[in-house]
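Structural overview
For reference, the chains in residue letters:
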Amino acid sequence: MNITESNYWLETVPDPVPGTSDPLPESVDVAVVGSGFCGLSAALTLAKRGSGVAVLEAETLGWGASGRNGGMVCTGLKLPVPTLIARYGRETVQQMYAASLESIDVVERIVQEERIHCAFSRCGQLEVACKETHFNAYAEAAARIKQEFHHELHIIPRSELRKEIGSDLYYGGIVDEASAGVNPAQFVNGLAKAAHRAGARLYEHTRVVNVKPEAANGNLHFRVATTRGSLIAKEVLLASGAYTTSATPALLRKVIPIGSYIIATEVLPSDLAHELSPRNRVIYDSKHFLHYYRLTPDNRMLFGGRAAFFPESENTVRESAELLRKGMIEVYPQLRDTKVEFVWGGTLDFTFDVMPHSGTLEGMHFAVGFAGHGVAAATWMGAKLAGVICGDADDNPFSRISFPAAPIGLRSGNSWALPLAGMYYRVLDYFT
Ligand SMILES: Cc1cc2nc3c(=O)[nH]c(=O)nc-3n(C[C@H](O)[C@H](O)[C@H](O)COP(=O)(O)OP(=O)(O)OC[C@H]3O[C@@H](n4cnc5c(N)ncnc54)[C@H](O)[C@@H]3O)c2cc1C
């Protein structure tokens, strides 16, 4: 395969927002660590509400998962509803589900208000069943979601699946019309522009190396040391996602970084694109090691998966290209002779209970654990955290639940025994 190892979405951003070359200010109201959806959405809200904000980004703006994902803006939570209700109780889970729907509205509102050109479209999501047992479980799941959250999903029997997808591989599907698709790199770039317009100062190549609380005149503030000098912040917001480092060890202990990879084909003829995805949905399958795929706005097939369990490296990116191409052809034999032009990887932020979390750790605000739902959830959570910093009541259900750290033995220093976790999910895929 003759593939460019680069992120296709970046080709669609001709005018990436540069960070400021000004020196760091001596002090700010809020220092935001990380410039993905979470950090930039928080910075936008904070700046609009009059706070002095500095966004500190180790690489370039939007460099993390936010600029390299599938752009699938999906409803729902990762875990099944009965598991969630057993864990957290009905009322909290109802608030969580409502948040998952509201988060898509928040993305749509920001896109409209800030006039971000990022191909946002309410195209709906389609989950396809890899096994008959998976399909049989859809009816009960949809009934429960309707009963608990008054939200309607549509079951698609195998006999009607061709109206949704040009593949005969699956046993049926389930559609949620509320979900959307977006060009994530254009969205994160637009968020950066909007935050800058609102008055936030954006610093690239400014890695935070440690954060220390300091007391002055009876008040607590933070000294934030970076590779470009240090500043004092009244509040710190950690939006470093899967790329969290030992600069903030308390958060590092709670995040599981998992590599995910994507390929994008050459531009497809429009009749073939229509055959593969007649309703232009964002699609994923029912496995734990799932494949997710969609057409890009210019009609490439973008096909992703958790093809390897470690954060991305040059080797895993190359290996993933071939694995993903095989996966894509299994779903769509029509693409056997289609050229794959791009491959890239990124790192997802999982947590030990597979839930998003927010709140404070050692006095710093944080939000993390969006896994494959971060386009909407991280954008929503950033705005929520900003509201709390500005004095709003904290009605965020994800800040009320306990946040487990790494079990002993699964993590040693900065490395993780992730192959064990990988094996666990592969076994689950086999048996369920
Ligand atoms: C390949 C892939 C596909 C995905 N597909 C989807 C999808 O289709 N739909 C969906 O909803 N979600 C998807 N996700 C998940 C989603 O992209 C993330 O959950 C979301 O982008 C997280 O946003 P964030 O702002 O929390 O973190 P990020 O966007 O990861 O940003 C964190 C930033 O913090 C910076 N940083 C870290 N430490 C420091 C430090 N010490 N100092 C300064 N800066 C620092 C990093 O450089 C990084 O830029 C996908 C993720 C990947 C990797």
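Described below are features of the structure shown in this document.

What counts, and at which threshold
- Residues numbered from 1 in each chain as written.
- Predicted model: local features only at pLDDT ≥ 70, side-chain atom pairs only at ≥ 80, totals over all residues.
- Heavy atoms only, no water.
- Near = heavy atom within 4 Å.
- Polar contact = N/O pair within 3.5 Å; in protein donor to acceptor, adjacent residues only side chain to side chain.
- Areas by Shrake-Rupley, 256 points an atom, 1.4 Å probe, with all protein chains shown as cover.
- Helix = DSSP H or I, 4+ residues; strand = E, 2+ residues; numbered from the N terminus.
- Nonpolar A, V, L, I, M, F, W, Y, C, P; charged D, E, K, R; others polar.
- Axes fitted to C-alpha atoms, helices over the stretch in contact; angles between N-to-C directions.
- Parallel < 35°, antiparallel > 145°, perpendicular 65-115°, else oblique.
- Contact = heavy atoms within 4.5 Å.
- Buried < 20%, exposed > 50% of the residue type's maximum accessible area, 1.4 Å probe, protein only.
- Expected span 1.5 Å × (residues − 1).
- Bend = angle between axes of the 7 residues up to and from the residue.
- Pairing = 2+ DSSP bridges.
- Left-handed = near helix turned anticlockwise from the far one by under 90°.
- Phe/Tyr/Trp six-rings, centres within 6.5 Å; stacked < 30°, edge-to-face > 60°.

Considering the site of the ligand
Of all residues adjacent to the ligand, which total 40 residues, the nearest are Glu57, Ser66, Met72, Val208 and Gly372. Take glycine 374: an N or O atom from its main chain is 3.0 Å from an oxygen atom of the ligand. Coverage of the ligand by the protein chains reaches 98% of its 1,000 Å² of free accessible surface. Elements that contribute at least two residues to the shell around the ligand include exactly α1 (37-48), β12 (256-265), β16 (340-350) and α9 (374-389). Per element, the largest residue contribution to the shell around the ligand is 4 residues, and it comes from β16. Here the shell around the ligand is composed, by residue class, of 18 nonpolar, 17 polar and 5 charged.

Description of the packing of helix α3 (residues 90-113) against α9
Put simply, α3 and α9 touch, their axes get as near as 8 Å, and they point 80 degrees apart. Comparing their axes, α9 and α3 come out roughly perpendicular. Here α3 contributes Ala99, Glu102, Ser103, Ile104, Val106, Val107 and Ile110 to the contact with α9, which in turn contributes Val375, Ala376, Ala377, Thr379 and Trp380. Broken down by class, the residue content of the contact of α3 with α9 amounts to 9 nonpolar, 2 polar and 1 charged.

What to know about the environment of valine 282
Structurally, valine 282 is set in strand β13 (residues 282-285). Judged by its relative accessible area of 1%, valine 282 falls in the buried class. Taking the C-alpha atoms as reference points, valine 282 and methionine 72, separated by 210 residues in sequence, lie 5.9 Å from one another. In this structure valine 282 touches Met72, Cys74, Cys123, Gly124, Gln125, Leu126, Ala180, Gly181, Tyr293 and Arg294, once residues within four positions along its chain are discounted.

Some remarks on helix α4 (residues 132-149)
Taking 1.5 Å of rise per residue, 18 residues should cover 26 Å, and α4 covers 26 Å from first to last C-alpha, within 8% of that figure. Residue tyrosine 138 marks the point of greatest curvature in α4, where the axis turns by about 25 degrees. Restricting attention to buried positions, one finds in α4 the residues His134, Phe135, Tyr138, Ala142, Ile145, Glu148 and Phe149. Histidine 150 sits one or two positions beyond α4 and adopts a positive phi of about 55 degrees.

Points about the sheet that holds β13
Spatial strand order, β5-β6-β4-β13-β14-β15-β12-β16: 8 strands in an open sheet with mixed pairing. Each having just a single partner strand, β5 (154-157) and β16 make up the two edges of the open sheet. In this sheet, neighbouring strand axes are inclined to one another by 20 degrees on average, regardless of whether the strands run parallel or antiparallel.

Digging into the packing of α1 against α9
Packing of α1 against α9 leaves a shortest axis separation of 7 Å and a crossing angle of 35 degrees. Viewed along their axes, α1 and α9 form a crossing whose handedness is right-handed. Contacts between α1 and α9 pair Phe37, Cys38, Ser41, Ala42, Thr45 and Leu46 from the former with Gly374, Val375, Ala378, Thr379, Gly382, Ala383, Ala386 and Ile389 from the latter. Split by residue class, the contact of α1 with α9 holds 9 nonpolar, 5 polar and no charged.

Thoughts on helix α5 (residues 184-198)
In this model α5 runs 21 Å from its N-terminal to its C-terminal C-alpha over 15 residues, within 8% of the 21 Å that 1.5 Å per residue would give. With 11 of 15 residues buried, α5 is to be regarded as a mostly interior element. Those residues of α5 not exposed but buried are Pro184, Ala185, Gln186, Phe187, Val188, Asn189, Gly190, Leu191, Ala192, Ala194 and Ala195. Packed against the buried residues of α5 are α1, α3, β8 (201-203) and α9. Where α5 begins, the side chain of asparagine 183 points an oxygen toward the backbone nitrogen of alanine 185, at a separation of 3.2 Å. Looking at the residues trailing α5, positive phi occurs at glycine 199, about 115 degrees.

Brief notes about the packing of aromatic side chains
For the coordinates displayed, the defined rule picks out 10 aromatic pairs. Ring centres of phenylalanine 37 and phenylalanine 187 lie 5.3 Å apart, and the angle between their planes is 35 degrees; this geometry places the pair in the tilted category. In this pair, phenylalanine 37 is assigned in helix α1 and phenylalanine 187 in helix α5, connecting sequence segments 150 residues apart. The two residues phenylalanine 37 and phenylalanine 187 agree in class, both being buried. Aromatic pair tyrosine 97 and phenylalanine 149: ring centres 4.1 Å apart, planes at 5 degrees, arrangement stacked.

Some points on the side chain of serine 167
Tracing the chain through its elements places serine 167 in the loop between β5 and β6 (172-176). For serine 167, a relative accessible area of 3% translates into the label buried. At a separation of 3.2 Å, a polar atom in the side chain of serine 167 contacts the main-chain amide nitrogen of leucine 169. Of note is the side chain of serine 167, whose polar atom sits 2.8 Å from the backbone oxygen of valine 331.

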